[in-house]
Amino acid sequence: MEEFYRIRRLPPYVFEQVNRAKAAARNAGADIIDMGMGNPDLPTPPHVIEKLKETLGKPRTDRYSASRGITGLRKAQAGYYERRFGVKLNPDTQVVATLGSKEGFANVAQAITAPGDVVLVPNPSYPIHAFGFLMAGGVVRSVPAEPTPELFASLERAIIHSIPKPIAMICCYPSNPTAYVATLDFYKDLVAFAKKHEIFILSDLAYAELYFDGNPPPSVLQVPGAMDVTVEFTSMSKTFSMAGWRMGFAVGNERIIAALARVKSYLDYGAFTPVQVAATAALNGPDDCIREVREIYKKRRDVLVESFARAGWDVPPPAASMFAWAPLPKGFEQMGSMQFATLMVERSGVVVSPGVAFGEHGEGYVRIAMVENEQRIRQAARNIRRFLESGVETLHNVIPLASHR
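The rules behind the values
- Residues numbered from 1 in each chain as written.
- Predicted model: local features only at pLDDT ≥ 70, side-chain atom pairs only at ≥ 80, totals over all residues.
- Heavy atoms only, no water.
- Helix = DSSP H or I, 4+ residues; strand = E, 2+ residues; numbered from the N terminus.
- Contact = heavy atoms within 4.5 Å.
- Polar contact = N/O pair within 3.5 Å; in protein donor to acceptor, adjacent residues only side chain to side chain.
- Buried < 20%, exposed > 50% of the residue type's maximum accessible area, 1.4 Å probe, protein only.
- Disulfide = S-S within 2.5 Å.
- 1 Å grid on protein atoms, 1.4 Å probe; cavity = no way out; pocket = protein on both sides within 12 Å on 5 of 7 lines; lining within 4 Å.
- Points joined across faces, edges and corners; volume = space filled by probe spheres on them.
- Expected span 1.5 Å × (residues − 1).
- Arc of directions from axis to C-beta.

Draft legend 1. Layout of the environment of threonine 61. By the secondary structure assignment, threonine 61 is in the loop between α3 (46-55) and α4 (71-85). Excluding anything up to four places from it in sequence, threonine 61 contacts Thr55, Phe272, Thr273 and Pro274. A distance of 2.7 Å separates a polar side-chain atom of threonine 61 from the backbone oxygen of lysine 58.

Put into C-alpha cells, the structure is as follows:
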C-alpha cells in the first residue's frame, strides 16, 4: 500500500544500518561503547530530584497541567535569561514551556508554515530543524552551517532565487552536530539580514552552557531589536542532565510565541506538574551543578582528543557542545560516513553517528557524543586503534568502498 502523505515526505531513517549493527554486536555479547546518541549519562542534580519527590502526590498535582507552562516555571526561565544574557522577557507573552526543544521546533513549524513555504536550514544540522518543516508541508533550502561571511552570501542567493520568498531561517550555535560557535557580532549581522528581508530567525540554543574556552556563547536575543524577528529554543536536557524529563522553552517574538502556544493548546496539556516544579527549582537554584557538568564534559573532550590522536585519528577539539565533529580518519576518507560508522561498530564496538545523517554536507564526518566517562573513552580509543591499524585494505571483502562501486 502507498505510504501516507506526511510519511512520504520523510527520508529513510539513516541510523537504521548502524543500529542494526549495534544490536547484532550486543546480541553476540560484544561490549558496546555507545558514543552515537547525545544522551547524557550524568545524574540530574540532587536538589532537582528532591523537589520532584516533594511535589509528587500533593493535592492537584496529578491533574492536567498548563500547556504553556506553569507561571512559576515561565518566570524562572525569564529570570535565567536576564541573569545569563541580560535579556528581559515577559513570562506571560514571550515564554512558552515545551516538551523539550525538539517538540518546540516541530510545533512552531506547524504554527507558522503554510504548504510550500520555504525555510532556510543549515546543512549539516540537527534533523528536526529540517524535518519539522517538511512534515508541516514546507520546503527546505539548505545553507552553510558555519557562521562565516559565506553563509550570508548563501542566504542572499536563497532570498533571490527562492519562490516564494523564505519565511524563516534556522540557526544553531553551539551547533549540533558541528560544534560551531557564533559571536554576538555574527548575530548582529544575522538580525540585520532578517529585518532587511522580513524573515524570522529560529535559534536553537540547547548547548548554551556547555562551553570550554571561558567564553559563554551569546543569545541572538542580546542584539537590540532581535525580539522583533526571533524566537529562541533552549533545553534543560544537557544543562541539567534532564533529557528524559522533556523540558524546554521557546522565548522571544510575541506573535510566534502566541501561535506556538495556541497550537500546543490543541495538542498537549503540558508536562507533568511535578516535573515543571522541579524544573523551576533547577532554574532558580545554584549554578555550581552547571559548572560541574561543564567541567566534566571539558575533561572528556580533552581525553577524547588526546587518546584518539594516539590511536591515529586526529579529532578537532570542540569549543562547545557535547559533541566532537570528526573527519573520517586518514585512509578511510573514501569509505563514506555510513559505511565507516557501521564498520566501527562491527570491528571496534564503538558507536558514532554518521555525518550524512545530518545532511548531505555532513558526509566525510562522524559525530562523536561525549556521553561515556573518561575510562570508557580511553577504552574506545584503544579499540579504534586496533581497527584503524587493520588498514582499509583488509575491509575490501567486507563492505564495498565508494571508489570501487
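Draft legend 2. Local environment of the environment of valine 275. With respect to the element layout, valine 275 can be found in helix α10 (residues 273-284). Note on valine 275: relative accessible area 13%, which makes it buried. Between the alpha carbons of valine 275 and leucine 56 there is a distance of 9.0 Å; along the sequence they are 219 residues apart.

Draft legend 3. Local environment of the state of the cysteines. Per the counting criterion, the structure on display carries zero disulfides. Note on cysteine 171: no disulfide assigned, nearest cysteine sulfur contributed by cysteine 172 at a separation of 7.8 Å. Given a relative accessible area of 3%, cysteine 171 falls into the buried group. Since its relative accessible area comes to 4%, cysteine 172 is described here as buried.

Draft legend 4. Representation of the layout of surface pockets. There is about 1,200 Å³ of room inside the largest pocket. Contributing to the lining of the largest pocket are 49 residues, with Phe15, Lys102, Tyr126, Pro127 and Phe358 lying nearest its centre. Every element with two or more residues in the lining of the largest pocket is listed here: α2 (16-27), α5 (100-112), β3 (118-123), α6 (127-135) and β4 (139-144). The dominant element in the lining of the largest pocket, judged by the number of residues it contributes, is α6, at five residues.

Draft legend 5. View of α2. Helix length check: α2, at 12 residues, gives a terminal C-alpha distance of 16 Å against a target of 16 Å (1.5 Å per residue), a fit within 8%. The set of residues buried in α2 consists of Val18, Ala21, Lys22 and Ala25. Down the axis of α2, the smallest arc covering the buried residues is 100°, so these residues share one side. Buried residues along α2 sit against β1 (33-34), α12 (337-348), β10 (350-351) and β11 (353-354). At the C-terminal side of α2, glycine 29 shows a positive phi close to 90°.

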